Amino acid sequence: MASMASCQKDPDQYPIEPQIYYQSTTPRVMSFEDTAASIRIELKFTDGDGDLALDPTENETSVFFKDSRDTTSAPYTHAFPIPFIPESDRPVNGGLEGGITINLGKQYFSVTDSLHLVLKGDTLQYNIYIQDRAGHKSNLVTTDFIYIQL
């Protein structure tokens, strides 16, 4: 699940391509013994033309995660919407800047290969980018290592 905060900025302050900045991953251990375990990933972003978070149904995915263990050619492993920002909170001719928090439960941290099942753990990182409505992709950021304990 994603949450977001934003504010209006001068339209020339940021490029039209969104930019993201990795802030933190807490905690950095996903323990399957903890029934309520989750990992929180915090990002900051900017977008010069402000065309993020435009879908009031929040079905439009804009945040893309690729698990470092995923060797497929798919561009991402998980995708999430950015929460909708109502028109009344949007800049008229300005860019957006804000924060995104993604909380990931155990379902995002599977261990399926036999070696790591025997070792009762694994390690991964997520590579993350965002994409605005015009199709502009941001830079790619990488989380700290996340340790999975079975």
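Further up the page is the structure itself.
Residues numbered from 1 in each chain as written. Predicted model: local features only at pLDDT ≥ 70, side-chain atom pairs only at ≥ 80, totals over all residues. Heavy atoms only, no water.

Draft legend 1. Here's a closer look at the overall build of the protein. Summing up its helical and strand segments, the protein has one helix and eleven strands in all. Each principal axis of the C-alpha distribution contributes one length, and for the protein these read about 55 × 30 × 25 Å. With 150 residues in all, the protein has 40% of them scored as buried. The long-range fraction of contacts in the protein, counting pairs at least 24 apart against all pairs at least 6 apart in sequence, stands at 72%. Split by element, the accessible area of the protein, about 7900 Å² in all, is 50% carbon and sulfur. (Helix = DSSP H or I, 4+ residues; strand = E, 2+ residues; numbered from the N terminus. Buried < 20%, exposed > 50% of the residue type's maximum accessible area, 1.4 Å probe, protein only. Contact = heavy atoms within 4.5 Å. Areas by Shrake-Rupley, 256 points an atom, 1.4 Å probe, with all protein chains shown as cover.)

Draft legend 2. Up close: the sheet that holds strand 6 (residues 78-81). A sheet is described by the order of its strands in space; here four strands give the open sequence 6-5-9-10, paired in antiparallel fashion. Only two strands of the sheet have a single partner each, and these edge strands are strand 6 and strand 10 (141-142). (Pairing = 2+ DSSP bridges.)

Draft legend 3. Local environment of the nonpolar core. If you look at the biggest cluster of nonpolar residues, it comprises 28 residues, and the most contacted ones within it are Val63, Phe65, Leu104, Phe109, Tyr126 and Ile128. Put simply, the parts of the chain that give this core at least two residues each are strand 4 (38-47), strand 5 (61-67), strand 7 (95-105), strand 9 (126-130) and strand 11 (146-149). Sequence-distant contacts of Val63, defined by excluding residues within four places in its chain, comprise His78, Ala79, Phe80, Ile82, Ile100, Ile102, Ile128, Tyr129 and Ile130. (Core = buried A, V, L, I, M, F, W, Y, C linked by side-chain atoms within 4.5 Å.)

Draft legend 4. Up close: the side chain of Thr143. With respect to the helices, strands and loops of the structure, Thr143 is situated in the loop between strand 10 and strand 11. Beyond its immediate stretch of four places on either side in the chain, Thr143 contacts Tyr22, Thr25, Ile41, Gln125, Tyr126 and Ile128.

Draft legend 5. Up close: the pattern of salt bridges. Tallied over the entire structure, the rule returns five salt bridges. Residue Glu42 pairs with Arg40 through a salt bridge whose shortest N-O separation is 2.9 Å. On the accessibility criterion, Glu42 (27% relative accessible area) is partly exposed. Through salt bridges with shared partners, one network takes in Asp67, Arg69 and Asp122. (Salt bridge = Lys/Arg side-chain N within 4 Å of Asp/Glu carboxyl O.)

Draft legend 6. Highlighting the packing of aromatic side chains. Under the defined criterion, the tally for this structure stands at six aromatic pairs. When the ring of Phe64 is compared with that of Tyr76, the centres are 4.8 Å apart and the planes differ by 55°; the resulting orientation is tilted. On the criterion of sequence distance, the pair formed by Phe64 in strand 5 and Tyr76 in the loop between strand 5 and strand 6 is long-range, its members being twelve residues apart. Residue class for Phe64 comes out buried when judged on its relative accessible area of 6%. With relative accessibility at 34%, the residue Tyr76 sits in the partly exposed group. Their ring planes at 70° and their centres at 5.2 Å tell us that Phe65 and Tyr126 sit as a pair that is edge-to-face. Separated by 61 residues along the polypeptide, Phe65 in strand 5 and Tyr126 in strand 9 bring together distant segments of the chain. Grouping residues by exposure puts Phe65 and Tyr126 together as buried. (Phe/Tyr/Trp six-rings, centres within 6.5 Å; stacked < 30°, edge-to-face > 60°.)

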